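Per-entry structural report
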Amino acid sequence: MSRFKRADKVDSLAGFRATNTEPTIPQGLLKAARKSGQLNLSGRGLTEVPQNVYRLNVDTPEEAQRDVSFGESDRWWEQTDLTKLLLSSNQLTQLSEDIRLLPGLTTLDLHDNQLSSLPSALGELQELQQLRLSHNQLTSLPVEVCTLKNLRSLTLQQNLLENLPEELGQLENLTELDLSSNQLKGLPSSLGCLTCLQKLHLCHNKLSCLPDSLARLTNVKLLDCSNNQLTEIPAGLSEMLALEQLYLRHNKLRLLPQVPAPALKELYVGNNQIEQLATQQLASLAVISVLELRDNKITTLPEQITLLSTLTRLDLTNNDISTLPATLSLLPNLKMVLLEGNPLRGIRRDLLTKGTNELLKYLKGRIKEEPEGADEGPTAMTLPSQARVNVHNIKTLKLLMYSEKQADNIPDELFDAAADEAVTTVNFSKNQLSSIPPRLVEFQSSLTDINLGFNKLTCCPDICKLLQLIHIDLRNNQLSDLPCEIRNLTKLRSITLNYNRFKSFPEVLYQMVSLETVLLGNNQVGGLDPSRLLKLVHLSTLDLSNNDLLNIPPELGLCASLRCLSLEGNPFRTPRAAIVAKGTDAVLEYLRSRIPTSAPLP
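So, here's what we can say about the structure. Because the structure is a prediction, the values reported are computed rather than measured.

**A word on the overall build of the protein**
The helix and strand tally for the protein stands at twelve helices and 23 strands. Sorting the 602 residues of the protein into buried and exposed places 50% on the buried side. Look at the contacts in the protein between residues 6 or more apart in sequence, and 36% of them connect residues 24 or more apart. Carbon and sulfur atoms form 47% of the exposed surface of the protein, whose accessible area is close to 28,000 Å².

**Structural notes on the sheet that holds strand E18 (residues 449-451)**
What holds strands together in a sheet is hydrogen bonding between their backbones, with the strands either parallel or antiparallel. The strand order across the open sheet built from eight strands is E16-E17-E18-E19-E20-E21-E22-E23, with neighbouring strands paired in parallel fashion. This sheet does not close on itself; its edge strands, each paired only once, are strand E16 (399-401) and strand E23 (564-566). Within the sheet, the average angular offset between the axes of one strand and its neighbour, ignoring direction, is 5 degrees. As defined by bridge partners, strand E19 (residues 471-473) adjoins strand E20 (residues 494-496) across three bridges and the pair is classed as parallel. Across the sheet, residue His471 finds its bridge partner in E20, namely Ser494.

**Considering helix H12 (residues 584-593)**
Among all positions in H12, only Thr584, Val587, Leu588, Tyr590 and Leu591 are buried. End-on, the buried residues of H12 take up no more than an arc of 160 degrees, which puts them together on one face. In H12, the exposed positions that point more than 90 degrees away from the buried face belong to Asp585, Glu589 and Ser593. Those residues of H12 that are buried lie in contact with E23 and helix H11 (577-581).

**Side note on unusual backbone geometry**
At the junction of Thr574 and Pro575, the peptide bond is cis and its omega measures out at 0 degrees in the coordinates. Position of Pro575 relative to the elements: it lies in the loop between E23 and H11. Phi is positive for Asn227, close to 55 degrees, though the residue is something other than glycine. Looking at where Asn227 falls in the secondary structure, it is placed in the loop between strand E8 (222-224) and strand E9 (245-247).

**Some remarks on the nonpolar core**
The biggest cluster of nonpolar side chains holds 98 residues, and the ones touching the most others in it are Leu85, Leu108, Leu154, Leu177, Leu223 and Leu267. Taken together, the elements giving at least two residues each to this core come down to helix H2 (27-36), helix H3 (51-54) and helix H7 (356-365). Leave out the neighbours within four places in its chain, and Leu177 touches Leu154, Leu168, Leu191, Leu194, Leu197, Lys199, Leu200 and His201. Membership of the second largest hydrophobic core comes to 64 residues, among which are Cys460, Tyr510, Ile579 and Val587.

**Description of the packing of aromatic side chains**
For the structure on display, the rule yields four aromatic pairs. Between the aromatic rings of Phe415 and Phe428, the centroid separation amounts to 6.1 Å while the plane-to-plane angle is 80 degrees, which identifies the pairing as edge-to-face. Of this pair, Phe415 sits in helix H9 (residues 412-417) while Phe428 sits in the loop between strand E17 (425-427) and E18, placing them 13 residues apart in sequence. Under the relative-accessibility criterion, Phe415 is labelled buried at 2%. Exposure remark for Phe428: the relative accessible area of 0% places this residue in the buried category. Geometrically, the ring pair formed by Phe505 and Tyr510 is tilted, given 4.8 Å between the ring centres and 35 degrees between the ring planes. A single burial state applies to Phe505 and to Tyr510, both of which are buried. Feature note: the residues Phe415, Phe428 and Phe443 constitute an aromatic cluster, connected by ring pairs.

Analysis parameters
Residues numbered from 1 in each chain as written. Predicted model: local features only at pLDDT ≥ 70, side-chain atom pairs only at ≥ 80, totals over all residues. Heavy atoms only, no water. Helix = DSSP H or I, 4+ residues; strand = E, 2+ residues; numbered from the N terminus. Buried < 20%, exposed > 50% of the residue type's maximum accessible area, 1.4 Å probe, protein only. Contact = heavy atoms within 4.5 Å. Areas by Shrake-Rupley, 256 points an atom, 1.4 Å probe, with all protein chains shown as cover. Pairing = 2+ DSSP bridges. Axes fitted to C-alpha atoms, helices over the stretch in contact; angles between N-to-C directions. Arc of directions from axis to C-beta. Core = buried A, V, L, I, M, F, W, Y, C linked by side-chain atoms within 4.5 Å. Phe/Tyr/Trp six-rings, centres within 6.5 Å; stacked < 30°, edge-to-face > 60°.

Listed below in structure tokens is the structure:
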């Protein structure tokens, strides 16, 4: 009988220890945390934070109560205050006010839980520098969080926030703020007080305007406002002196923003409603390198495009452009022009498939008085291997180029010249390469664009290590398949595979949901699976021209995201050539009409 009473006594203290239904924290882990100051409890299925975690620096360790003999390395009274607590990927629904018992925390990671609110005691963690709260169910941010004067990084993406406290501007040392994927309809004007901010993520909200106070954020280098409801951009953005990257994709802009920010190098305004490019707007982009205008309604590319002398990449995919100005070829640094999905006249399609260099040569030939080519300036040097290295391209444009050399390898001197440079673009096209240059991995943290077209590649496993890649050009090689590891390139948006040896749609591409453009023309593709293609929800351009498709599955018509579908030059009988000639919308409508009515729609 007395034993049951003792059991009752133990149960009465259940609030101070982990219950049987919750994973307990191994004492060894807590002991190590007292020495290191770091405790990682991520992915342990916790529904609440055990009390002994909150009291880690308060209570006497359990082992001290059992054993009075300690070695030199086990002096618990010399323990280190907990500075880093990682609780991500659990099932936490709340955080106790007892979090105040850990005042030494500099990093608190609570991302990927089920938190719907936060304790006011968070405001007492005055040493906190990183607070990660993404992927929860927060509907508001406590004012107390805004008192954390040492906070450097605050990540709140993927929550349910509808508004933010005006006190947010008190976080004067914040350098990174991520508010993406919430329900925000407006922003506090105090946002402009965050003058140390360098990265501001506002994408995937419901913003219809931006506060004028953004102009005071003179240290912001990256501003992402994609996937909102913006119809215009405040003129004050030109005062953001450090702004280098501006993302405005998927909004409701009708004009190219006039943003004369002196450092702006990359402007992304794809998927808007822009119809024309005015001289005034183009002239404001003084140092622009990347200009993305895809999926708009632009009908004309003006002659004033030549004002963009620093432009290296121009994306005009899926617009309504019918002619190109010959002066486009005079842009001295232009390396990539994307034109798929435009009703271009007077330019043969096979010329477009040969790449930017051939297109620019053709346009240059249309200029009556072609200016004499200037000699390489003093920034070019000849190395022992006879490789010509343009130091200006490497240091200023972050471009590594070794094209049209008919070389079977890339000289080490070229890579040596680019050492310690954050190269973003590589062009090794028109050589005799039979494998991916192994030293490309040296740029794996920065490389976003690679052109290996017109080589002799039969496989490309090493390209899978370049995890930042957004664009890949592998046209005119000898590829028949892609490595499954290429699915690790989660940022990849376009891949060009024309003129290879593919006999089917590459299996791994069905898994790459980030893809927007897939060019597979002039291969031997005999079929594709439309039910799997439907999962590529961002796919807007698909080129399957000049392949071996004997039939086009009607379900392909359900791919609602497609804006440019090229099927000409295949041996199928339906749809008829007359329908194919009418363009993508007509083909998709025809295919949908051929789906049996009894067939369930996916």
